[in-house]
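# Inside the fold
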Amino acid sequence: MKSHLAAMLTLSALATGAAGAQTSTANAPSNPERDRASILAMQGEYIVDFAFDETVLLQPGYERHPAMRSGGNETVIVVQDTPKKIVLQHILVDEKSGHVTKHWRQDWTYEAPNRFEFTADQTWTVRNLPAEQTQGAWTQCVFEVSDAPRYCGTGRWTYDNGVATWTSDPSWRPLPRREYTKRSDYNAISAINRHTITPGGWTHEQFNTKVLRKPDGTQVELVREFGFNDYQKTKDIDFKPAYAYWTATGDYWAKVRARWDGFLSKPPGLRLKTKIDGMAMIIPLFTQADRIQEGKKVSERDIDKVFKKWVEPAKRR
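What this report covers is the structure whose coordinates are included nearby. Note that the structure is a prediction, hence the values are computed from the model and not measured.

### Digging into the packing of aromatic side chains
By the definition in use, this model includes 13 aromatic pairs. Consider the rings of Trp108 and Trp166, whose centres lie 4.8 Å apart with planes at 75°: the pair is edge-to-face. Of this pair, Trp108 sits in strand E4 (residues 100-110) while Trp166 sits in strand E10 (residues 165-167), and the two are 58 residues apart along the sequence. For the pair Trp108 and Trp166, a shared accessibility class is recorded, and that class is buried. Ring centres 5.3 Å apart and planes at 45° place the aromatic pair Phe118 and Trp124 in the tilted group. Of the residues examined, Phe118 reaches a relative accessible area of 3% and is grouped as buried. Residue Trp124 is classed as buried on the basis of its relative accessible area of 2%. Stacked on the ring of Tyr159, the Lys or Arg Arg34 has its end atom at 3.8 Å from the ring centre. Across from the ring centre of Trp172, 4.6 Å away, lies the NZ or CZ of Arg213, which sits over that ring.

### Quick look at the packing of helix H6 (residues 279-293) against helix H7 (residues 300-310)
Between H6 and H7, the least distance of the axes is 10 Å, while the angle of their chain directions is 175°. In terms of orientation, H6 and H7 fall into the roughly antiparallel class. From H6, Ala280, Met281, Pro284, Leu285, Gln288 and Arg291 reach across to H7, where they touch Asp302, Ile303, Val306, Phe307 and Trp310.

### Comments concerning the state of the cysteines
Scanning all chains against the criterion turns up one disulfide. A sulfur-sulfur separation of 2.0 Å characterises the disulfide bridge that pairs Cys141 with Cys152. Here the S-S torsion is close to 105°, and the disulfide linking Cys141 with Cys152 is therefore right-handed. Here the residue Cys141 occupies a position in strand E7 (residues 138-143), and Cys152 occupies one in strand E8 (residues 149-155), the gap between them amounting to 11 residues. With a relative accessible area of 10%, Cys141 lands in the buried category. Owing to a relative accessible area of 2%, Cys152 belongs among the buried residues under this scheme.

Cut-off values and rules
- Residues numbered from 1 in each chain as written.
- Predicted model: local features only at pLDDT ≥ 70, side-chain atom pairs only at ≥ 80, totals over all residues.
- Heavy atoms only, no water.
- Phe/Tyr/Trp six-rings, centres within 6.5 Å; stacked < 30°, edge-to-face > 60°.
- Helix = DSSP H or I, 4+ residues; strand = E, 2+ residues; numbered from the N terminus.
- Buried < 20%, exposed > 50% of the residue type's maximum accessible area, 1.4 Å probe, protein only.
- Lys NZ or Arg CZ within 6 Å of the ring centre and 35° of its normal.
- Axes fitted to C-alpha atoms, helices over the stretch in contact; angles between N-to-C directions.
- Parallel < 35°, antiparallel > 145°, perpendicular 65-115°, else oblique.
- Contact = heavy atoms within 4.5 Å.
- Disulfide = S-S within 2.5 Å.

Shown next, in the form of structure tokens:
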């Protein structure tokens, strides 16, 4: 699998043009401060377009599924900013109603010693990273709306022709939310992610392969998919409800993150006892956050009850 993903990445890199290859910064000394500025450039207010297209069919009889298009209004807030770690929280706002939805989160760690990986259904295993892989590199870890884990990837920022781009290595992730209720023919995605800072915002490209991982360890690759998320800065949307929500609930979500971190900061990792949609945790955690926003109290014990019921350590491999 890694061979065809690597080939796909190579072709994509070639598409940037020969001039880019002539001025490649891939082997240049790392510049963590410049990298930090690139990551922090993703904060701000955006109109976002999400597009996913199945491309290369890999199995006889497989029929390409319809392209998927969606979008939203999203602000990206800096939650943590230290020399070696940056945390960015995404929050959606409905333009008409002002309704707020806490969305995904991305954590960036410089020369991270380890990362979690999606190794089995509802299971994320923490793996130590070799120094040669992480030297000068940033590991991005992405989290669900409940701050449950999704995936991590490790790569270096490059600045060919002045364009800031980060490209990950291949890594596994579970089914995306857009297909939880629609697909049962695959159970994992192998993906390479690329983030680029643009004049009008930033983009997130996904080079995905949809895979059926079987209990005996064999894998069936069904189809490749290209995802393109386009974040365009805007001044036309009122994001005040998002900031009000985060001001009221930020401390609560910090406590939630700390509990997840207890499982994900060191081996072996965790297993979720929820269904794949994760709603058994999303609903109570969001309800608790709503109570906080209403001025009510949520105890440490209330949070612990949710985790005790639905999260357990992963089995050591």
